[in-house]
Amino acid sequence: MELALILSISVLSLLFAVYLARHILKQDRGTPEMQKIGDAIRQGAEAFLRRQYSTIAMLSAVLAAIIFILYAFVRQSMPTDPVDPIRLASYTALSFLFGAFCSGVAGYVGMFVSIRANTRTASAALSSLNRALQISMRGGAVSGLFVVAMSLLGVGGLFGVLDWLGTPITKIPFMIVGFGFGASFVALFAQLGGGIYTKAADVGADLVGKVEAGIPEDDPRNPAVIADLVGDNVGDCAGRGADLFESTAAENIGAMILGVALYPFFGVKGIMFPLMVRAFGLIASIIGVMFVRTREDADPMKALNKGYYVTSLLVAVGFLIGSKWMLNTPQAPSAWLYFFFAGVVGIVTSIAFVYITEYYTEYKYRPVKSIAESSQTGPATNIITGFAVGLESTYLPTLVIGAAIIGSYYLGLATGIPNAGLFGTAVATMGMLGPAAYVLAMDTFGPITDNAGGIVEMSHQPENVRVKTDRLDAIGNTTKALTKGYAIGSAALAAFLLFSAYIDDVNVLLKEKGLPLMLSVNLEKPEVFVGALLGAGLVFLFSSLAIKAVGRAAYFVINDVRAQFKEKPGILKGTEEPDYGRTVDIVTRAALRNMVGPGLLVVGAPIVVGIVFKWFHVGAETVAALLMVGTIAGILMANFLNNGGGAWDNAKKFIETGMYGGKSGEPHKAAVVGDTVGDPFKDTAGPSLHVLIKLLATITLVLAPLFV
């Protein structure tokens, strides 16, 4: 019954997303000039995604073959295995491919709507701010609902199939970890490739257009402007969608694995609980999206916040119902109430992350104002202050994450059920990811409104229309920043959950082999300490490669824009058209070429470490150290990069409101340089680290048998 309800809610959520998409596609596309620009963005985004997914599909097929070989012929078979090695290898490899496929579909559908909602939002702004707000938010909701519903449908569907095939219930969560790994694998390349693309185009457009040529942002004379608008979709929509898809998939599977330990108390309901509350989160998000509306003279951000608070409240109600229904046992009559409060801890944590991110990235607060003020003395002081703000911004999130983990752990212990402490942290993670569909809708709202503003600017619409789209664009920048904070917070809790699931998995394997259990990760062992050091070093090396990739790709964009200005002097005079397609093609090839190396590094590192240190009889423990310290370093680095980059961006926007001379002053030029430095921080390396943290966890879960 429970599984049928979960799958039914998933399907109904997908149908509602289709309804929203059809509603949006019926809206007016605007003037012929708007349609022409929108078509150019759509063609560029679809061309990039086709080429990117072709590359990812090839890499996924190769890795699936490697997983099959490792499970079928390298992994040592256990006497208690429910299936023979070939069947187990087939299940794992196919679940990996299924996870990769679902992630790709969810990301593509979300972007399919976003690149069509942009012109319709621009057209709606001609007459109504509220209509423009609702079209862009509902366009984002298509992405949010598809991502979470596809994740839930994939995990629930695999569970149902394996149960139908007669697999023991307690073994199923361990056999579908490949789904989470597949989702993580696609997410890393989608986020990394999209991030390189969007920031290479953005940096090229800004440095040559704003700084060298002195033309405004989104000026149609800039050959990189279409590539920049395309990048908003492939990075912030398709990339972030894949990011949160794998967050929900990996968290569902990790929580189910921890639920196996509580099987004697709750039975199958304890394993299914994560999926049920995720289904309730979908219902809450649908209702929250439909609450979004504003008056023409009101602040649209208040409308989005209202929808978010409604969603969060309904998620809490869903947790109350789900906990009472599925975690109520005569052996511990009050356990369900403690688990409900653990879920509330996660919901409160998500709200805290939103406020912390807003404080460090909004220009009405001290951190961003300090960067804008330092711009008066040039780009060097702007960069120094922005760097300091980014470093400072890591500490409050650390306190919040620590409080959430400890609070939810002790709430779990208070139930009196053995091993319930870790399940309490899993429930908190579920709470934080409860409003994930709504949060992703707010994130995709950003590129839709950004594109709408660019379309209005390039099609030379009246100033009053640009005022409306500027208001929505400014809010979109805020929601994108808030979503990054939310994503790293959820990644932190999910990583702890998955780390605990990895330890559980390893101990099951050790017990079956008759070996001592791994009760701790002992950093006093030199091999284990080295593994921890390698985990931290991996985060720094990956960040370096991601940022350098943007620099290399931007190099080609800058040279192309300069060349076009030289080849066609009439471009800057407005008498000749730039070749937008040429720039789009250049940045596409550069982004795809530069995403492969960093991605393969992350996939290969834990495998090599685990196999090499297995020779020293500490393979599983060394990988645990790599995972633990890599997660800690990744959380801190991602917060630094996300918040520092967002603060630089909004310091520039603060000056553009008229402070310190506005757009015509020297402080603005310094702020543009700082914003350019922050671009690959906040939109390439930072978001990719969210995925790296969870990919390390899922790959170690899948390949744990090789390290024992």
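Residues numbered from 1 in each chain as written. Predicted model: local features only at pLDDT ≥ 70, side-chain atom pairs only at ≥ 80, totals over all residues. Heavy atoms only, no water.

**Quick notes on the overall build of the chain**
Along the chain, the regular secondary structure elements total 22 helices and zero strands. Against the compact-globule benchmark of 27 Å for 708 residues, the chain has a radius of gyration of 24 Å, which places it among compact chains. Its C-alpha atoms give the chain principal-axis dimensions of roughly 80 × 50 × 45 Å. Out of the 708 residues belonging to the chain, those deemed buried represent 66%. (Helix = DSSP H or I, 4+ residues; strand = E, 2+ residues; numbered from the N terminus. Rg over C-alpha atoms; globule rule 2.2 N^0.38 Å. Buried < 20%, exposed > 50% of the residue type's maximum accessible area, 1.4 Å probe, protein only.)

**Focus: a nonpolar patch on the surface**
Together, Leu 523, Phe 529, Val 530, Leu 533 and Leu 534 line one region of the surface with nonpolar side chains, adding up to about 430 Å² of accessible area. Along the chain, Phe 529 falls in helix H18 (residues 526–567). Judged by its relative accessible area of 45%, Phe 529 falls in the partly exposed class. (Patch = residues over 30% accessible without salt bridge, like charges linked within 9 Å, V, L, I, M, F, W, Y side chains within 5 Å. Areas by Shrake-Rupley, 256 points an atom, 1.4 Å probe, with all protein chains shown as cover. Salt bridge = Lys/Arg side-chain N within 4 Å of Asp/Glu carboxyl O.)

**Considering the confidence of the model for the chain**
Taken residue by residue, the chain gives an average pLDDT of 86. The fraction at 70 or more is 98%. For the chain, the element scoring lowest by mean pLDDT is helix H7 (residues 225–260), at 79; helix H13 (residues 379–392) scores highest, at 95. (pLDDT = per-residue confidence, 0-100.)

**Looking at the packing of helix H12 (residues 366–374) against helix H21 (residues 619–656)**
Viewed as axis vectors pointing N to C, H12 and H21 meet at an angle of 65 degrees, and their least axial separation amounts to 8 Å. On the basis of the axis angle, H12 is roughly perpendicular to H21. Here the hand of the crossing between H12 and H21 comes out right-handed. Along the contact surface, H12 presents Val 368, Lys 369, Ile 371 and Ala 372, while H21 presents Ala 647, Trp 648, Asn 650, Ala 651, Phe 654 and Ile 655. (Axes fitted to C-alpha atoms, helices over the stretch in contact; angles between N-to-C directions. Parallel < 35°, antiparallel > 145°, perpendicular 65-115°, else oblique. Left-handed = near helix turned anticlockwise from the far one by under 90°. Contact = heavy atoms within 4.5 Å.)

**Section: the packing of aromatic side chains**
Aromatic ring pairs: the centre-centre distance and the angle between the two ring planes describe each pair. This structure, assessed with the given rule, holds 23 aromatic pairs. Residues Phe 96 and Phe 185 carry aromatic rings whose centres are separated by 5.8 Å and whose planes lie at 55 degrees to one another, so their mutual orientation is tilted. Taken together, the residues span a long stretch of sequence, with Phe 96 in helix H3 (residues 85–125) and Phe 185 in helix H6 (residues 177–213) at a distance of 89 residues. Accessibility classification places Phe 96 together with Phe 185 in one group, the buried group. In textbook terms, an aromatic cluster arises when at least three aromatic residues are bridged by ring pairs, as seen for Phe 96, Phe 181, Phe 185 and Phe 189. (Phe/Tyr/Trp six-rings, centres within 6.5 Å; stacked < 30°, edge-to-face > 60°.)

**Focus on the environment of Ile 448**
Within the element layout of this structure, Ile 448 appears in helix H16 (residues 436–458). We classify Ile 448 as buried; its relative accessible area is 0%. Sequence-wise, Ile 448 and Ser 127 are 321 residues apart; in three dimensions their C-alpha atoms are separated by 18 Å. Contacts of Ile 448, omitting those with residues within four sequence positions, involve Ser 114, Ala 117, Asn 118, Thr 121, Ser 136, Gly 139 and Gly 140.

**Observations regarding the pattern of salt bridges**
Overall, the coordinates contain 25 salt bridges when judged by the stated rule. When the shortest N-O distance is used, the salt bridge between Asp 683 and Lys 199 registers 3.0 Å. Separated by 484 residues along the polypeptide, Asp 683 in helix H22 (residues 666–707) and Lys 199 in helix H6 bring together distant segments of the chain. On the basis of relative accessibility, which here comes to 5%, the residue Asp 683 falls in the buried class. Given the relative accessible area of 4%, Lys 199 is considered buried. As a salt-bridge pair, Asp 649 and Lys 653 come within 2.7 Å of each other at their nearest N and O atoms.

**Focus: unusual backbone geometry**
Backbone geometry at Asn 419 places phi at a positive 65 degrees, although glycine is not the residue there. If you check the backbone angles, His 617 has positive phi at about 65 degrees while not being a glycine. Summarising the element assignment, His 617 is placed in the loop between helix H20 (580–614) and H21. The class of His 617 is exposed, set by a relative accessible area of 73%.

**Structural notes on the packing of H18 against H20**
Between H18 and H20, the least distance of the axes is 9 Å, while the angle of their chain directions is 170 degrees. Taken together, the axes of H18 and H20 lie roughly antiparallel to each other. When its residues are assigned to classes, the contact of H18 with H20 shows 20 nonpolar, three polar and six charged. (Nonpolar A, V, L, I, M, F, W, Y, C, P; charged D, E, K, R; others polar.)

**Some remarks on helix H10 (residues 300–326)**
Relative to the 39 Å expected for 27 residues at 1.5 Å per residue, H10 spans 39 Å between its end C-alpha atoms, a close match to the ideal helical length. Between the side-chain oxygen of the N-cap and the backbone nitrogen of Met 301 there are 3.1 Å, and the N-cap of H10 in question is Asp 299. (Expected span 1.5 Å × (residues − 1). Polar contact = N/O pair within 3.5 Å; in protein donor to acceptor, adjacent residues only side chain to side chain.)

**A closer look at the side chain of Asp 560**
Looking at where Asp 560 falls in the secondary structure, it is placed in helix H18. Asp 560 gets classed as buried once you look at its relative accessible area, which sits at 6%. The contacts of Asp 560, once residues within four sequence positions are left out, are Arg 582, Thr 583 and Ile 586.

**Some words on the environment of Phe 640**
Here Phe 640 is to be found in helix H21. Not counting residues up to four positions away in its chain, the partners in contact with Phe 640 are Phe 387, Gly 390, Leu 391, Ser 393, Thr 394, Gly 645 and Phe 681.

**Topic: the side chain of Asp 675**
Here Asp 675 shows up in helix H22. Owing to a relative accessible area of 2%, Asp 675 belongs among the buried residues under this scheme. The contacts of Asp 675, once residues within four sequence positions are left out, are Asp 206, Trp 648, Asp 649, Lys 652 and Lys 682.

**Section: helix H4 (residues 129–164)**
The end-to-end C-alpha distance of H4 is 51 Å, a good match for the 52 Å that 36 residues give at a rise of 1.5 Å each. For H4, the tally of buried residues reaches 30 of 36 residues, placing the bulk of the element in the interior. Of the residues that open H4, the one with a side-chain oxygen 3.3 Å from the backbone nitrogen of Asn 130 is Ser 128.

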